[in-house]
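Fold and contact review
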Amino acid sequence: MTKTAAIIGGGVIGGGWAARFLLNGWDVRVFDPDPEAERKISEVMDNARRSLPGLSDVPLPDEGTLSFHAELADAVAGVDWIQESVPERLDLKLKVYKSLQEACDPGAVIGSSTSGFKPSELQEGALRPEQIVVTHPFNPVYLLPLIEVVPTGANSAEFVQKAKDLLTSVGFFPLHVRKEIDAHIADRFLEAVWREALWLVKDGVATTTEIDEAIRMGFGIRWAQMGLFETYRVAGGEAGMRHFMAQFGPALKWPWTKLMDVPEFTDELVDMIADQSDAQSGMHSIRELERIRDNNLVGMMRALKAQDYGAGAVLNKHDAALKPGALPTLDEADLSQPIRTLARAVPLDWTDYNGHMTESRYLDAFACSTDRFMEIAGCDSDYIASGGSYFTAETHIRHLDETHAGAKIEVRTQMLLGAGKKLHLFHSMFEGDKLLATGESFLLHVSLENRRPCAPSAAIEAALARVTEAQASLPYPEGAGNAIRKPA
Ligand SMILES: NC(=O)c1ccc[n+]([C@@H]2O[C@H](COP(=O)([O-])OP(=O)(O)OC[C@H]3O[C@@H](n4cnc5c(N)ncnc54)[C@H](O)[C@@H]3O)[C@@H](O)[C@H]2O)c1
């Protein structure tokens, strides 16, 4: 049966919760006195719809029904989950629980998004304290998996398990915080970083930009995949966590931070951390952890590259600086031979479960070669911005041999036809002398205004004529014109 959630307070966070539940098939009822709430939530929904469903490689359930309610009692009656996300004021939150507990099902979970309050403070004076628990999300709630679930002794183990199961069912990662504390786990950590950052700005050491660069160009990406302790375990090298602590422990006594209230590095604390780290990561050798880390970093940095943002923008800039040496222009190339249009190493995220380059990446590589060929023939970004481009109409790929991550591959391109609106390319991919694959593409020049085929500029026609003349004596490549034929 379809489950229903009530969202009490539909601001930044409540809107994110609404989207998460709705896109996972729940019906959602919203109560928020702000007359703008409906507009704001529909804007959050638009962003959630374009980003969340595609994160899954399987279809999400059909979207639930969203409704807005003028009365709190209408919103919460009979629902399975009530998520309170009203402003961070204790008196307001307590008042809200009082009203909603008079109308809701005693079996429903009442989760609070509070960033700072302890669950015992929220349960104080409640009609049924055992029904209230902190479920602290992170923005954007529809994408980030972490929910800190902070119960008290008033909540039964079954209730906490049910809350965690429901959160898991909509794609969250519920982290059970075993001991209640102001600001839970994650925000305490962020708070320490935030305080240090404020000091660095105030003392004129760094600007806000410099601090953000210090995070996102380095340890921020590392943290995203292994957190703090596993990262430091790897930093300790083969001797692991104990060595790391022995090496960097004394720094805790040095003025490396304004936050000097640190725990004594006793043998007991070192043992506790080393033992916990062994339990967390001891199943992998340090070399294995390094490889896991490197796979993760490459995947994440290449994702940032596709967005041309942060560390990804640095990679793109570096590529642009290297490119002239790697690939010839039309004037530099020996036009009587196929032209080198791609030279690169196979990246880690191009390999699959068989350990070799996955099928779709051959098309990626050949598409890059086509782009490069277009570029050196004059169909570059300026030309495309002026309204003309080539669109691929057909591609045929032959997979002839395997290749693996790190292998240096090269693509050489023979032009089979380049006249009028038609462009017919034959790419051959090599690793050294080994032919790995061929990719044949047929493209049409189009006007980007009316999307119809048309002849390219005179300059492109002239460039293609040069290639036609120079490559005229090349043999027609073996495999060109092939297709997968119907069985006789
Ligand atoms: N913003 C964040 O990054 C973040 C992250 C995690 C948790 N939180 C927590 O989430 C909660 C909400 O924060 P926010 O950033 O979404 O605030 P917000 O100001 O964007 O939204 C609060 C919403 O509550 C509504 N509201 C006010 N009184 C109400 C009432 N009596 N009943 C129903 N709705 C009412 C407001 O109209 C507003 O739309 C806070 O407890 C906050 O600590 C915030």
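Bear in mind the structure is a predicted one, so any value in this text is a computation, not a measurement. (Residues numbered from 1 in each chain as written. Predicted model: local features only at pLDDT ≥ 70, side-chain atom pairs only at ≥ 80, totals over all residues. Heavy atoms only, no water.)

Okay, the sheet that holds strand β9 (residues 339-345) next. Within a sheet, each strand pairs with its neighbour through backbone hydrogen bonds, oriented either parallel or antiparallel. Ordered in space as β9-β11-β12-β13-β10, the five strands form an open sheet in which the pairing is antiparallel. The outermost strands of the open sheet, each flanked by one partner alone, are β9 and β10 (388-399). The mean inter-strand angle of the sheet, taken between neighbouring strand axes irrespective of direction, is 25°. Bridge count between strand β12 (residues 422-431) and strand β13 (residues 434-447): 10 bridges; the pairing is antiparallel. Paired with Met429 across the strands is Ala437, a residue of β13. In this fold helix α16 (residues 458-471) packs onto β9, β10, β11 (408-419) and β12, with an angle of close to 105° to the strand it touches most, β11. (Pairing = 2+ DSSP bridges. Helix = DSSP H or I, 4+ residues; strand = E, 2+ residues; numbered from the N terminus. Axes fitted to C-alpha atoms, helices over the stretch in contact; angles between N-to-C directions. Contact = heavy atoms within 4.5 Å.)

Moving on, we come to the packing of aromatic side chains. Evaluated as defined, the whole model comprises nine aromatic pairs. A connected cluster of aromatic rings, assembled from ring pairs, spans Trp17, Phe21, Trp26, Trp81 and Phe172. Over the ring of Trp350 we find Arg344, and its NZ or CZ is 4.8 Å from the ring centre. (Phe/Tyr/Trp six-rings, centres within 6.5 Å; stacked < 30°, edge-to-face > 60°. Lys NZ or Arg CZ within 6 Å of the ring centre and 35° of its normal.)

As assigned here, the chain comprises domain 1 (4-176), domain 2 (186-292) and domain 3 (327-470). Its C-alpha centre places domain 1 at a distance of 33 Å from the equivalent point of domain 2. (Domains from an automatic or database assignment.)

Moving on to the sheet that holds strand β8 (residues 173-176). Pairing is mixed in the open sheet, where eight strands are placed in the order β3-β2-β1-β4-β5-β6-β7-β8. The open sheet has two edge strands, β3 (66-68) and β8, and neither has a second partner. Adjacent strand axes in the sheet meet at a mean angle of 25°, parallel and antiparallel pairs treated alike. Relative to strand β7 (residues 146-150), strand β6 (residues 132-136) is paired through three bridges, and the arrangement is antiparallel. Along β7, the bridge assignment pairs His136 with Glu148.

Close to the ligand lie 22 residues; Ile13, Asp32, Glu88, Lys93 and Ser115 are nearest. Contact distances for the ligand include 2.9 Å between an oxygen atom and a backbone N or O atom of Ile13. The separation between an oxygen atom of the ligand and a polar side-chain atom of Ser115 is 2.8 Å. Contact with the protein chains hides 74% of the accessible area of the ligand, taken as 830 Å² for the molecule alone. Counting residues per element, the ones that place at least two in the shell around the ligand are α1 (12-23) and α4 (90-103). Here the element with the most residues in the shell around the ligand is α4; it accounts for three residues. For the shell around the ligand, the class distribution of residues is 10 nonpolar, eight polar and four charged. (Near = heavy atom within 4 Å. Polar contact = N/O pair within 3.5 Å; in protein donor to acceptor, adjacent residues only side chain to side chain. Areas by Shrake-Rupley, 256 points an atom, 1.4 Å probe, with all protein chains shown as cover. Nonpolar A, V, L, I, M, F, W, Y, C, P; charged D, E, K, R; others polar.)

UniProt's feature table lists "binding site: NAD(+)" (unreviewed entry) at Gly9, Gly10, Gly11, Val12, Ile13 and Gly14, given in the numbering used throughout. Inspection of the secondary structure assignment puts Gly9 in the loop between β1 (4-8) and α1. By relative accessible area, Gly9 is classed as buried at 6%. Examined against the element boundaries, Gly11 turns out to sit in the loop between β1 and α1. Accessibility expressed as a relative area gives 34% for Gly11, which makes it partly exposed. (UniProt positions renumbered as here; feature names shortened; annotations may be inferred. Buried < 20%, exposed > 50% of the residue type's maximum accessible area, 1.4 Å probe, protein only.)

Between Asn139 and the following residue, Pro140, the backbone shows a cis peptide bond with an omega angle of 0°. Mapped onto the fold, Pro140 is located in the loop between β6 and β7. Although it is not a glycine, Ala183 adopts a positive phi angle of roughly 70°. Relative to the helices and strands, Ala183 is located in the loop between β8 and α7 (186-202).

With that settled, the discussion passes to the packing of helix α8 (residues 208-226) against helix α12 (residues 286-306). Interhelical geometry of α8 versus α12 gives an angle of 120° and a closest axis separation of 10 Å. One way to sum up the angle between α8 and α12 is to call them oblique. Helix-helix and strand crossings are classified by hand; for α8 and α12 the assignment is right-handed. Here Ile221, Arg222, Ala224, Gln225 and Met226 of α8 come into contact with α12, specifically with Leu289, Ile292, Arg293, Asn296, Leu297, Met300, Met301 and Leu304. For the contact of α8 with α12, the class distribution of residues is nine nonpolar, two polar and two charged. (Parallel < 35°, antiparallel > 145°, perpendicular 65-115°, else oblique. Left-handed = near helix turned anticlockwise from the far one by under 90°.)

Moving on, we come to the nonpolar core. Counting 29 residues, the largest nonpolar core has Trp17, Phe21 and Trp81 as the members making the most contacts within it. Of all the elements in the fold, those that place two or more residues in this core are β1, α1, β2 (27-31), α2 (37-51), β7 and α6 (157-169). Look past the residues within four positions of Trp81 in its chain and what remains in contact with it is Thr4, Ala5, Ala6, Phe21, Trp26, Val109, Gly111, Thr135, Ala163, Leu166 and Leu167. (Core = buried A, V, L, I, M, F, W, Y, C linked by side-chain atoms within 4.5 Å.)

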